[in-house]
Amino acid sequence: RNDEVLLLMQLPESLSPETLEKQNKLSIVSSSPGAQACLVTDTQSFALSRVETSNALVLVPSGIEGNLKPPTQAESGFGANEQPSKKAKTSGQNGKENEHDFLIRSNCHLLGGETGAYFLELQEKELNLDTLQKMLPTFNPFNCYKKFDGGISLTDLACNCQLSESQVKNGLEALQALEYHSKYSLVSEEAWQSVRQAIVAALTECEEFENCCIKNQNRMVSETLKRMAESYPQAEAVIRLVLSKMAKTKDTEQGNILIDFRQVAVIIAHQLFAKALTWAEDELCKEWQAKVPGASQQISLDMLKGVAIRISGSTGTTWEYMPSEKLAKDPKERLRQLFTLRKKWSKVDLLTYLKPLLGSNVDEFLANSTTTISDNRDGEAIYLLVNN
């Protein structure tokens, strides 16, 4: 019968039989009828593939489930008057006869060997963050025209991805997903930035959060809520999520959170450039240092990478606002935008905006897309866009 069909399963090196026995959860899932099935454990998932074979021959007892019992005389295949011997004698290597338990006939499954035989091969599956991201709805409290259904549960995400819940949770953490009432979604950039602004306002205005140290998280949430332009039911959950991503260190025993000062300083820098797109370097440093929380915290011009570019001229040094998040995500389009703003670039400035997108491939990209000339003042290479 079809429900009695047994299949061999070839385990990969990362999944031993001993590991399988220790799993709290072991299931075979499929995201939809006709889709590829997967074996899911507590922390791993494996795609099941059918592989044809004619090499494996395995006998499996029919009564593999439950406690195995010796077959009755009728089941054994012996006639009514036949009595199988309890012992069978065979000759050993030393010429002496050895006694063994006699093997009686039993119904078994023969796996493999016949035409068209196959086994199931397991291939470990890895989480694809892009796939997971596309499954998550975006929560935007400022979009009153779009109804938000609350997100997707962890169980549904794991089923749709055909992965273990542990793998999906790691992915949700990497995507900075919001958990609200056991459902997950992505926070819109607008909502994320508004909460960051409110947190920074609380840090700079409340003395109890001196030097970006939060000793009472509930108090910080309360002060942040006061400074938000608009409140909504998920606001507290979003604040706690943003705080966790802004934290440099966490003291779980004392409940303290030390906010990353660099992140706070960058947010304040954006606020200054919102008032004026170009600043003299001395004036910028003075105003910037005055606005950061904590007298012991010191700003650094290195923090402005990806925020603004430094321009040296005969009248002095200035900083011009050019936030990387406002530029295109495609490297070629971003390069075109950069050279639209300026005809000549130093390599240091180009790397600031291109390396986050290209990583180690940035030098090859620049070699194919730009040409260089020497700056007569200091010999530094100046990059020009190649006209394709």
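Here the residue numbering is sequential within each chain, running from 1 through the sequence in written order. Two thresholds apply to this predicted model, a pLDDT of at least 70 for residue-level local features and 80 or more for giving and counting side-chain atom pairs, whereas whole-chain, interface and lining totals are computed over all residues. Side-chain metrics in this entry use all non-hydrogen atoms of the structure; hydrogen atoms and water are not considered.

Peer 1: Can you walk me through the overall build of the chain in this structure?
Peer 2: Under the DSSP-based scheme used, a helix requires at least four consecutive residues in state H or I and a strand at least two consecutive residues in state E, with every element numbered from the N terminus. When helices and strands are tallied, the chain shows 13 helices and 22 strands. When accessible area is computed with a 1.4 Å probe and restricted to protein chains, residues below 20% of their type maximum are described as buried, those above 50% as exposed, and intermediate ones as partly exposed. Residue burial in the chain is summarised as follows: out of 388 residues, 35% are buried. The contact definition used throughout considers only heavy atoms, calling two residues in contact when any of these lie within 4.5 Å. Pairs at least 24 residues apart make up 58% of the contacts formed inside the chain by residues separated by at least 6 positions. Only the protein chains shown count as covering a residue, and every accessible area follows the Shrake-Rupley method with a 1.4 Å probe. On the chain, roughly 24400 Å² of surface is accessible, and the fraction owed to carbon and sulfur atoms is 48%.

Peer 1: Mind showing me how you'd approach the sheet that holds strand S20 (residues 345-346) here?
Peer 2: Pairing between the strands of a sheet comes from backbone hydrogen bonds, and it takes one of two forms, parallel or antiparallel. Strand order in the open sheet formed by 3 strands is S20-S22-S21, with antiparallel pairing between adjacent strands. Either end of the sheet is taken by a strand with one partner, and the two such strands are S20 and strand S21 (370-374). At least two DSSP bridges between two strands are required for those strands to pair. In this structure, S21 lies alongside strand S22 (residues 381-385), joined through 5 bridges in antiparallel fashion. Paired with Thr-370 across the strands is Leu-385, a residue of S22. Simply put, an axis is a line fit to the C-alpha atoms, just over the touching stretch for a helix, and the angle between two N-to-C directions goes from 0 to 180 degrees. Contacts between helix H11 (residues 331-341) and the sheet are confined to S20, S21 and S22, with S22 contributing the most and set at about 110° to the helix. Its contacts with the sheet place helix H13 (residues 362-369) against S21 and S22, and it is angled at close to 85° to S21.

Peer 1: Explain the environment of Lys-305 here, please?
Peer 2: Examined against the element boundaries, Lys-305 turns out to sit in the loop between helix H10 (281-291) and strand S18 (308-313). Residues Lys-305 and Pro-323 lie 18 residues apart in sequence; the distance between their C-alpha atoms is 8.8 Å. Polar contact is the term for a pair of N or O atoms within 3.5 Å; when the atoms are in protein, one must be able to donate a hydrogen and the other to accept it, and sequence-neighboring residues count only if both atoms are side-chain atoms. A polar contact is formed between the side chain of Lys-305 and the side chain of Asp-302, at a distance of 3.3 Å.

Peer 1: What am I meant to see in the packing of aromatic side chains here?
Peer 2: Geometrically, a pair of aromatic rings is defined through the distance of the ring centres and the angle of the planes. Aromatic pairs are defined between Phe, Tyr and Trp rings, using the six-membered ring for Trp, whenever the two ring centres lie within 6.5 Å; interplanar angles under 30 degrees are classed as stacked, those over 60 as edge-to-face, and all others as tilted. Considering all chains together, one arrives at 4 aromatic pairs under this definition. Between Phe-142 and Tyr-232, the aromatic rings sit 6.4 Å apart at their centres with planes inclined by 85°, giving edge-to-face as the arrangement. Pair noted here: Phe-142 is in the loop between strand S10 (138-139) and strand S11 (152-153) and Tyr-232 is in the loop between helix H7 (217-226) and helix H8 (235-246), with a separation of 90 residues, a long-range link. What makes Tyr-232 buried here is its relative accessible area of 10%.

Peer 1: Where do I start with the pattern of salt bridges in this structure?
Peer 2: For side chains bearing opposite charge, pairing can occur when the charged atoms are close. We count a salt bridge whenever a side-chain nitrogen from Lys or Arg sits within 4 Å of a carboxyl oxygen from Asp or Glu. For the structure shown, the criterion picks out 13 salt bridges. In this structure, the salt-bridge partner of Arg-310 is Glu-281, at a minimum N-O distance of 2.6 Å. Of this pair, Arg-310 sits in strand S18 while Glu-281 sits in helix H10, placing them 29 residues apart in sequence. Notably, a salt bridge pairs Arg-336 with Glu-333, separated by 2.6 Å at the nearest N-O pair. Taken together, the residues span about one helical turn, with Arg-336 and Glu-333 both in helix H11 at a distance of 3 residues. Judged by its relative accessible area of 41%, Arg-336 is partly exposed. Among the charged side chains, a network of salt bridges with common partners joins Glu-205, Glu-208, Arg-219, Glu-223, Lys-226 and Arg-227.

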